[in-house]
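Each chain, letter by letter, is given below.
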Amino acid sequence: MEGLVDAQIREILTAIGGIDRCVTEFIRVNDQVLPPKIFYRFAPELHNKCRTASGTPVAIQLLGSNPSVLAETAHLAVQLGAPAIDLNFGCPSKTVNRNKGGSVLLKEPELIHTIIKAVRSAVPSHIPVTAKMRLGYEDKSLALDNAWAIQDAGATEVCVHARTKVEGYKPPAHWEWIARIREAVKINVVANGDIGSLEDYLRCRSISGCDDVMIGRGLMAFPDLASIIANHQSGKAINPMTWERLLPVIQTFYQETSKQLPPKHGPGRLKQWLKFLRNQYPEAQTLFDTIRGIKEPQDIADILEPQALKKAG
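A.B. asks: Explain the pattern of salt bridges here, please?
C.D. replies: If you walk through the whole model with that rule in mind, you get twelve salt bridges. Here R203 makes a salt bridge to D200, at a shortest N to O gap of 3.5 Å. You can see R203 and its partner D200 sitting in helix α8 (residues 198–208), three residues apart, about one turn around the helix. Bridged by salt links that share partners, the residues R163, D194 and R217 form one connected network.

This is the structure:
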């Protein structure tokens, strides 16, 4: 999730709990191997054995179409401490696709096979090489061919977003197609798409037959969803996070964002997250409306102070 699930968000969500592993935003690889500083920028967790502060491992995700350069880049990532390499064949971005990256490669199962085989050969055998795919580009006619290409090239796992590129994020997610892929391959299949609640998770697992799911936008809207799922699995009590409990997390997020980004970008990052959170919390909509037109970072910081919010309410 480019420009959204960065190291700071990973830190927040894994601290809340329930997440087994994370993947970085995709690192775009063109015609030359990237310098180490790029990896540290996308994955500062490399300074901590590629784990978040709460101990959740973080795989490095690469995106590109040049097999040899991707292989060399993956080799460097592992040297820097990456515990796993993930390859992105799912990004629907028009810009990415125009530059022969992401889901446009689903038109060429042979190239996908070549890429994964090159990367698999370039990293030690104990390092997992996984892939993310959609059901296709314009249609689903090559869904199984792409899954077989990923498997036969040596990947240990494939995560399937249950839509084509053309379908974007429009509902519904076709979980039944994930079931078809799971039945056709021998490697582990992870289900992805439209998992925004415990009920969605249970239905997705029932329809797809997958033991594992990947949640992206659902966690941005429902930060403790993974924790709720974990508690459900273990039979523990489920106590959804209230707005009062979430508010200090939002404050910390904004404070850290303001330190790490230029002043003009901090407010935008907060508003971006609030747009997701308002799907779960009415209070997020109220806060978004309050700060919508404000560009001065300190003014927003003042509004986020508990006393200010209490007075405003």
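A.B. asks: What am I meant to see in the packing of aromatic side chains here?
C.D. replies: Two measures describe an aromatic ring pair: the distance that separates the ring centres and the angle between the ring planes. Here the structure, examined in full by the defined rule, presents two aromatic pairs. An angle of 50° between the planes, with centres 5.7 Å apart, marks the rings of W243 and Y281 as tilted. Placement of the pair is W243 in helix α11 (residues 243–260) and Y281 in the loop between α12 (266–277) and α13 (282–291), with a sequence separation of 38 residues. Like Y281, W243 is buried. Between F253 and W273, the aromatic rings sit 5.0 Å apart at their centres with planes inclined by 70°, giving edge-to-face as the arrangement. On the criterion of sequence distance, the pair formed by F253 in helix α11 and W273 in helix α12 is long-range, its members being 20 residues apart. Just as F253 is buried, W273 falls in that class too. Over the aromatic face of W177 sits the side chain of R180, whose NZ or CZ is 4.1 Å from the ring centroid. The aromatic ring of F288 is capped on one face by R278, whose charged end is 5.0 Å from the ring centroid.

A.B. asks: Which parts of the structure should I look at to understand the side chain of H161?
C.D. replies: On the secondary structure map, H161 appears in strand β6 (residues 157–164). Using a relative accessible area of 5% as the deciding quantity, one classes H161 as buried. Polar contacts involving the side chain of H161 include one to the side chain of N192, which spans 2.8 Å. When near neighbours in sequence (up to four residues on either side) are disregarded, H161 contacts K132, M133, R134, L135, G168, Y169, N192 and G193.

A.B. asks: Would you mind going over the pairing of strand β5 (residues 129–136) with me for this structure?
C.D. replies: Consecutive side chains of a regular strand alternate in pointing toward one face of the sheet and then the other. For β5, the tally of buried residues reaches eight of eight residues, placing the bulk of the element in the interior. Direction of pairing for strand β4 (residues 85–89) relative to β5: parallel, over a ladder of five bridges. The residue bridging N88 from the neighbouring strand is K132, located in β5. Sheet topology places β5 next to β6; six bridges connect them, and they run parallel. In the strand pairing of β6, R134 is matched with H161. On the question of chirality, the crossover connecting β5 to the parallel β6 by way of helix α6 (residues 143–152) is right-handed.

A.B. asks: Is there a simple way to think about the environment of P172 in this case?
C.D. replies: Turning to its location among the elements, P172 is positioned in the loop between β6 and α7 (175–184). Through-space distance from the C-alpha of P172 to that of W148 is 24 Å; in sequence the pair is 24 residues apart. In contact with P172, not counting residues within four places along its chain, are R163 and D194.

A.B. asks: What's the story with a negative patch on the surface in this structure? I'm lost.
C.D. replies: Residues E296, D299, D302 and E305 make up a contiguous surface patch of negative charge. Mapped onto the fold, D299 is located in helix α14 (residues 297–304).

A.B. asks: Got a minute to help me understand the pairing of strand β3 (residues 58–63) in this structure?
C.D. replies: With six of six residues buried, β3 is to be regarded as a mostly interior element. Here β3 shows no split at all, with V58, I60 and L62 on one side and A59, Q61 and L63 on the other all buried. As paired elements, strand β1 (residues 22–23) and β3 share two bridges and run parallel to each other. Its bridge partner lying in β3, V23 is registered against A59. Taken together, the two bridges between strand β2 (residues 27–28) and β3 define a ladder with parallel strand orientation. What sits directly across from I27, in β3, is L62. Pairing of β3 with β4 involves three bridges; the strand directions are parallel. Looking at the pairing, I60 lines up with I85 of β4.

What counts, and at which threshold
Residues numbered from 1 in each chain as written. Predicted model: local features only at pLDDT ≥ 70, side-chain atom pairs only at ≥ 80, totals over all residues. Heavy atoms only, no water. Salt bridge = Lys/Arg side-chain N within 4 Å of Asp/Glu carboxyl O. Helix = DSSP H or I, 4+ residues; strand = E, 2+ residues; numbered from the N terminus. Phe/Tyr/Trp six-rings, centres within 6.5 Å; stacked < 30°, edge-to-face > 60°. Buried < 20%, exposed > 50% of the residue type's maximum accessible area, 1.4 Å probe, protein only. Lys NZ or Arg CZ within 6 Å of the ring centre and 35° of its normal. Polar contact = N/O pair within 3.5 Å; in protein donor to acceptor, adjacent residues only side chain to side chain. Contact = heavy atoms within 4.5 Å. Pairing = 2+ DSSP bridges. Right-handed = clockwise from strand over helix to strand, strands pointing away. Patch = residues over 30% accessible without salt bridge, like charges linked within 9 Å, V, L, I, M, F, W, Y side chains within 5 Å. Areas by Shrake-Rupley, 256 points an atom, 1.4 Å probe, with all protein chains shown as cover. Lys, Arg positive; Asp, Glu negative; His and termini not counted. Charge placed at Lys NZ, Arg CZ, Asp CG, Glu CD.

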